[in-house]
Amino acid sequence: MNQNRKISRKITMVSAGLIFSMALSPLQVSAAASTEILQTAGVASILETSLSTEEYLAIAEQAQGALWGYTNLGIAHVETGNLNVREQPSTDSKLVGKLPKNAACEILGTEGEWAHIQSGEVEGYVNLEFLLTGPEAKLEASSLVRTVAISNADGLNIRAQASMDSEVVTQISKGAELEFLEDQGEWIKVSIDGEEAFAAAEYVTVEEKLDTAITMTELLYGEGVSDVRVDLVEYAKQFLGNPYVWGGTSLTNGADCSGFVLSVFKKYGITLSHSSRAQANEGTKISVSELKPGDLVFYGNGSGTINHVAIYIGGGQVIHASSPKTGIKISSYNYRTPVKAVRVIND
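Residues numbered from 1 in each chain as written. Predicted model: local features only at pLDDT ≥ 70, side-chain atom pairs only at ≥ 80, totals over all residues. Heavy atoms only, no water.

A. Region of the structure containing the sheet that holds strand β18 (residues 284-286). With antiparallel pairing, six strands are arranged side by side in an open sheet as β18-β23-β19-β20-β21-β22. Of all strands in the sheet, those bounded by a partner on one side alone are β18 and β22 (327-332). In this sheet, neighbouring strand axes are inclined to one another by 35° on average, regardless of whether the strands run parallel or antiparallel. Pairing between strand β20 (residues 306-314) and strand β21 (residues 317-323): three bridges, direction antiparallel. Opposite Tyr312, over in β21, you have Val318 as the bridge partner. (Pairing = 2+ DSSP bridges. Helix = DSSP H or I, 4+ residues; strand = E, 2+ residues; numbered from the N terminus. Axes fitted to C-alpha atoms, helices over the stretch in contact; angles between N-to-C directions.)

As structure tokens, this is what we get:
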């Protein structure tokens, strides 16, 4: 698939979607002001030519899917951390989930300063002050949407090259998402934590999507977990959605996988190297079945050489600085095959 053609198609879809929405709900502004608005929206070039109603509707029809499955799109707009999703429209109400920075939701309705939303498996209320809506949400979403390859098979082999004879880099579970790079026909080129690899096209589905909310169940730790582990995991999750930067150690401005781990544990007086391979030898090796929140999970290439690290947060989940495109994110601990687990918290 030609990537330039793909990008051009996305821009056309977003622009057409804006045209259609403006046609349905015309702005009450002067001719000069409307031209400025359209130029700001990036669609002035399309409207410079005179088109019939039928032609505008045809463009809008081509733009179906430009909202990625949402009919009334909202985007979490917070500086850092996550937007709280509550059971009722009140700050005193029970938390039912977290909407990460830049994640998307369907706005079901509004009640005063609150929006009733659905995002992934989470339904509840968020404060409208921290939610982009309307044209702002559509424009923001166009820069946030990501193309992913979703595994349709359990234990899917991810290979170093586009060949069945190539080395197996890792295996991924059914439903796991990998960053899409290129459609090569029988093979899909993907990025797995920043490294290029290949998946057989017949075993994956390629689609565009926006990030969604995290359920409280996904954030649970389990019983018998020490206070320091709970605190460390809560601290790490504050930086969900922040950027990935190769060689970085900043939890806010950017870190790579080992830099993220290093900086989280530094707050708790634990010194670790800035290398996933070195960190794998800086604690006590444990089995995956023994994992507790705050333990480290390591991943490697086909030969078993460690090249990535994540922090186990409980509930079968890890948090990690994954890649420049996805930043700090939460994944299933077995989104790719773990090669080692290490305990560095002695409690």
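B. Looking closely at the packing of helix α6 (residues 227-237) against helix α7 (residues 257-266). Direction vectors running N to C along α6 and α7 enclose 130°, while the axes themselves pass 10 Å from each other. Classified by the interaxial angle, the pair formed by α6 and α7 is oblique. In this structure, α6 meets α7 at a crossing whose hand is right-handed. Contacts from Leu232, Tyr235 and Ala236 in α6 reach Phe260, Val264 and Phe265 in α7. (Parallel < 35°, antiparallel > 145°, perpendicular 65-115°, else oblique. Left-handed = near helix turned anticlockwise from the far one by under 90°. Contact = heavy atoms within 4.5 Å.)

C. Quick peek at the environment of Ile188. Mapped onto the secondary structure, Ile188 falls in strand β12 (residues 187-192). You can call Ile188 buried: its relative accessible area is 2%. Separated by twelve residues in sequence, Ile188 and Ala200 place their C-alpha atoms 6.2 Å apart. (Buried < 20%, exposed > 50% of the residue type's maximum accessible area, 1.4 Å probe, protein only.)

D. Structural detail: the packing of aromatic side chains. Under the criterion given, the structure shown has three aromatic pairs. With a centroid separation of 6.1 Å and 75° between ring planes, the pair formed by Tyr235 and Tyr268 is classed as edge-to-face. Note that Tyr235 is positioned in helix α6 and Tyr268 in the loop between α7 and α8 (276-279), a separation of 33 residues in sequence. Owing to a relative accessible area of 18%, Tyr235 belongs among the buried residues under this scheme. Relative to Tyr335, the ring of Tyr299 has its centre 5.1 Å away and its plane inclined at 55°; by these criteria the two rings are tilted. Note that Tyr299 is positioned in strand β19 (residues 296-300) and Tyr335 in the loop between β22 and β23 (338-343), a separation of 36 residues in sequence. Tyr335 matches Tyr299 in its accessibility class, with the two residues each being buried. Cluster of aromatic residues (ring-pair linked, three or more members): Tyr235, Phe239 and Tyr268. One Lys or Arg, Lys267, reaches over the ring of Tyr235 and ends 4.9 Å from the middle of that ring. (Phe/Tyr/Trp six-rings, centres within 6.5 Å; stacked < 30°, edge-to-face > 60°. Lys NZ or Arg CZ within 6 Å of the ring centre and 35° of its normal.)

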